[in-house]
Amino acid sequence: MSSKVLIIGATGFVGSNLLKYFEKEGTSIRVLARNTSKVIKTSSNTEVIYGDLDKKDTIVKALDGIDVIYYLAHAMADASSEFLSRESNQAQNLSELLQP
């Protein structure tokens, strides 16, 4: 039985290369992205869905049936204090949805 993988942050350098690797391996992948048009997919095994880590209700659908999550996203903010706060809130949003 193969795992269903979720990549959060697949438009960045590391995430996009991880996506390429899994696609070459034939892995079933789901990508969560704020801007779905930026995701470069090459496999029909890859599903791209919209989600914003600042909005928990947009994350829920991405988690359905997922076995492994690669969390490679980071907040986009100008001021360092805002950046740290958003990073923390986004990680907390996902964490709360993963609690049993």
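Everything numeric here is computed off the predicted structure, so don't read it as measured data. (Residues numbered from 1 in each chain as written. Predicted model: local features only at pLDDT ≥ 70, side-chain atom pairs only at ≥ 80, totals over all residues. Heavy atoms only, no water.)

## Here's the deal with the sheet that holds strand 4 (residues 68-71)
Keep this limit in mind: One bridge is not enough; two strands pair if DSSP finds at least two bridges between them. Put simply, DSSP H or I for four residues or longer makes a helix, DSSP E for two residues or longer makes a strand, and each gets a number counted from the N terminus. Orientation is described by axes fitted as lines to C-alpha atoms, over the contacting stretch for helices, and by angles from 0 to 180 degrees between their N-to-C directions. Contacts are assigned to residue pairs with any non-hydrogen atoms lying within 4.5 Å of each other.
Spatial strand order, 3-2-1-4: four strands in an open sheet with parallel pairing. Only two strands of the sheet have a single partner each, and these edge strands are strand 3 (46-50) and strand 4. Taken pair by pair, the neighbouring strands of this sheet meet at an average axis angle of 20°, ignoring direction. Bridge count between strand 1 (residues 4-8) and strand 4: four bridges; the pairing is parallel. Note on strand 4: the bridge partner recorded for V5 is V68. Packing of helix 1 (residues 13-25) onto the sheet brings it into contact with strand 1, strand 2 (28-33), strand 3 and strand 4, and relative to strand 1 it is tilted by some 160°.

## A look at the pattern of salt bridges
Quick note on the threshold: Salt bridges are defined as contacts in which a side-chain nitrogen from Lys or Arg sits within 4 Å of a carboxyl oxygen from Asp or Glu.
Under the defined criterion, the tally for this structure stands at five salt bridges. Close ionic contact of E47 with K4 constitutes a salt bridge, the shortest N to O distance being 3.9 Å. One end of the pair, E47, is in strand 3; the other, K4, is in strand 1, with 43 residues separating them in the sequence. Where R30 meets E47, a salt bridge forms, and the shortest distance between an N and an O atom there is 2.8 Å. In this pair, R30 sits in strand 2 while E47 sits in strand 3, placing the two residues 17 residues apart along the sequence. Linked through salt bridges whose partners overlap, the residues forming this network are K4, R30 and E47.

## Some remarks on helix 1
Our working rule: Between the first and last residue of a helix there are one fewer steps than residues, each counted as 1.5 Å, and that sum is the expected span.
In a regular helix each residue adds 1.5 Å, so 13 residues correspond to 18 Å; helix 1 covers 19 Å between its end C-alpha atoms and thus fits that length. The secondary structure elements touched by the buried residues of helix 1 are strand 1, strand 2, strand 3 and strand 4. G26, located one to two residues past helix 1, shows a positive phi value of around 80°.

## A few points about the environment of N89
Applied cut-off: Residue burial is assigned from relative accessible area. The probe radius is 1.4 Å, only protein chains are included, and a residue is buried under 20% of its type maximum, exposed over 50%, and partly exposed in between.
Here N89 shows up in helix 3 (residues 80-98). For N89, a relative accessible area of 41% puts it in the partly exposed group. When the C-alpha atoms of N89 and K55 are compared, they prove to be 9.8 Å apart, with 34 residues separating the residues in sequence.

## Let's talk about the pairing of strand 2
Condition: For the handedness criterion, the strands are oriented away from the viewer, and a crossover whose path from the first strand over the helix to the second runs clockwise is classed as right-handed.
In terms of burial, strand 2 is largely enclosed, as five of its six residues are buried. Strand direction decides the pairing type here: strand 1 and strand 2, joined by five bridges, are parallel. By the bridge assignment, I7 is partnered in strand 2 with V31. Tracing the backbone out of strand 1, into helix 1 and back to the parallel element strand 2 gives a crossover that is right-handed.

## Observations regarding the environment of A33
Within the element layout of this structure, A33 appears in strand 2. A C-alpha to C-alpha distance of 6.4 Å links A33 and I49, two positions 16 residues apart in sequence.

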